[in-house]
Amino acid sequence: MPAVRVVTIVFNPGPELDTFVDSLATATTAAVELVIVDNGAEPEVTDRVAARSGARVIRTGENHGYGGGANLGAADADQDWLVVANPDVIWRPGSLDTLLRAAERIPAAGSLGPALLNEDGTVYPSARELPSLTQGAGHAVLGKVWPGNPWTRAYHRRQESLGAERPAGWLSGACLLLRRSAFDAVGGFDTSYFMFFEDVDLGERLGRAGWANVYLPTAEVVHVGGVSWKARPSRMISAHHASAKQYLHRRYHRWYQWPVRMAVSLGLGLRETLELRAAR
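So, a few notes on the structure that sits alongside this text.

Remarks on the overall build of the protein
Point 1. Along the backbone of the protein there are ten helices and twelve strands.
Point 2. Expected size for 280 residues packed as a compact globule is a radius of gyration near 19 Å; at 18 Å, the protein falls within 12% of this value.
Point 3. The dimensions of the protein, computed from C-alpha atoms along their principal axes, are 50 × 40 × 35 Å.
Point 4. Within the protein, counting contacts between residues at least 6 apart in sequence, those at least 24 apart form 78% of the total.
Point 5. Here the protein displays about 12400 Å² of accessible surface, and carbon together with sulfur accounts for 57% of that area.
Point 6. Taking the 29 positively charged and 29 negatively charged side chains of the protein as two groups, their mean positions are separated by 8 Å.

Things to note about the pattern of salt bridges
Point 1. A complete count under the given rule lists 18 salt bridges for this structure.
Point 2. For Arg-59, the salt bridge goes to Asp-38, with nearest N and O atoms at 3.2 Å. Taken as a pair, Arg-59 in strand E3 (residues 56-59) and Asp-38 in strand E2 (residues 32-38) lie far apart in primary sequence, 21 residues in all.
Point 3. The partner of Arg-59 in a salt bridge is Asp-47, and the shortest N-O contact between them spans 2.9 Å. Placement of Arg-59 in strand E3 and of Asp-47 in helix H2 (residues 44-53) is noted, with a sequence separation of twelve residues between them.
Point 4. On the accessibility criterion, Asp-47 (35% relative accessible area) is partly exposed.
Point 5. When salt bridges with common partners are traced through the structure, they connect Arg-5, Glu-33, Arg-56 and Asp-76 into a single cluster.

Examining unusual backbone geometry
Leaving glycine aside, a negative phi is the common case for residues, and trans is the common case for peptide bonds.
Point 1. A positive phi is found at Asp-76, a non-glycine position, where the angle reads about 65°.
Point 2. Of note in this structure, Phe-197 is not a glycine but carries a positive phi near 70°.
Point 3. Here Phe-197 shows up in the loop between helix H7 (180-185) and helix H8 (198-208).

Regarding the packing of aromatic side chains
Point 1. The tally for this structure, following the rule as stated, stands at four aromatic pairs.
Point 2. Between Phe-197 and Tyr-247, the aromatic rings sit 5.7 Å apart at their centres with planes inclined by 35°, giving tilted as the arrangement. With Phe-197 in the loop between H7 and H8 and Tyr-247 in helix H9 (residues 234-251), this pair connects stretches of sequence that are 50 residues apart. Of the two residues examined, Phe-197 and Tyr-247, each falls in the buried class.

Some words on the pairing of strand E6 (residues 109-117)
Point 1. In terms of burial, E6 is largely enclosed, as nine of its nine residues are buried.
Point 2. Here E6 runs beside strand E12 (residues 212-223); their pairing, made up of eight bridges, is parallel. Bridge pairing in E12 places Leu-116 opposite Val-221.
Point 3. In terms of strand pairing, E6 meets strand E11 (residues 175-179) through two bridges, oriented antiparallel. Its bridge partner lying in E11, Leu-112 is registered against Leu-177.
Point 4. By the bridge criterion, two bridges tie E6 to strand E7 (residues 123-124) in an arrangement that is antiparallel. Residue Leu-116 lies in a different strand from E7, and its bridge partner there is Tyr-124.

Focus: the environment of Arg-180
Point 1. Assignment of secondary structure puts Arg-180 in helix H7.
Point 2. Taking the C-alpha atoms as reference, Arg-180 lies 20 Å from Ala-219; in sequence the two are 39 residues apart.
Point 3. Beyond its immediate chain neighbours, meaning those up to four positions away, Arg-180 contacts Ala-77, Asp-78, Gln-79, Asp-80 and Leu-82.
Point 4. There is a polar contact of 2.4 Å between the side chain of Arg-180 and the backbone oxygen of Gln-79.

The rules we used
Residues numbered from 1 in each chain as written. Predicted model: local features only at pLDDT ≥ 70, side-chain atom pairs only at ≥ 80, totals over all residues. Heavy atoms only, no water. Helix = DSSP H or I, 4+ residues; strand = E, 2+ residues; numbered from the N terminus. Rg over C-alpha atoms; globule rule 2.2 N^0.38 Å. Contact = heavy atoms within 4.5 Å. Areas by Shrake-Rupley, 256 points an atom, 1.4 Å probe, with all protein chains shown as cover. Lys, Arg positive; Asp, Glu negative; His and termini not counted. Charge placed at Lys NZ, Arg CZ, Asp CG, Glu CD. Salt bridge = Lys/Arg side-chain N within 4 Å of Asp/Glu carboxyl O. Buried < 20%, exposed > 50% of the residue type's maximum accessible area, 1.4 Å probe, protein only. Phe/Tyr/Trp six-rings, centres within 6.5 Å; stacked < 30°, edge-to-face > 60°. Pairing = 2+ DSSP bridges. Polar contact = N/O pair within 3.5 Å; in protein donor to acceptor, adjacent residues only side chain to side chain.

Put into structure tokens, the structure is as follows:
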């Protein structure tokens, strides 16, 4: 297996980081350089895990967000392959080897993503199409406050073919294998996204540059999800809505699309208000 750098971005982590490192040891036979990017202010767990696993720690001194942290962790890599993954991912045995074999087999692949399993074993829809004008905006604005709206139903129908290897518009950034040359060519993650939608944006830019985003369900990882912010969700709710607004405004930037941008702003503002009220 080719050598690979694995980058995980942490913010005051707990025992999930131990689980991540232990499961990574069974995920591949490749030579792995593990880099832990620490965006937090409590280094004890990170330093302990790094000491026992031989990982390198990059201490940022401030929270650079997910994409910014990933870029710092990927900088100066000399391996052909990069993994960017959340620390609350649990690797299934052989899963990274499966991704690496597929990457060698598909030279057009700029990114590859495994099947993301929820804790109950169900499959999270991690390989999606880029938002369309109506479906994407309608789902983003109304998906939480009106789950049965026609745009969300149509959007979900487009994600149903999860059981087969296939190209996708974008792949979840919770666990990504990236061809370093492709990642470098598009400039990595856009650091203006503090959290959320940096993976949608990366997938879109890779596609525009001629690279494929490939979903590989034969590789499986479990994603616990939200470990670092479940106890204090308000900041992440606001970050999610800010990133959604930024992405959709950029996607529909033409002057004649201002009604779409206005509807997106109003709808996301209402949804954020409702979610923050529910979180409190």
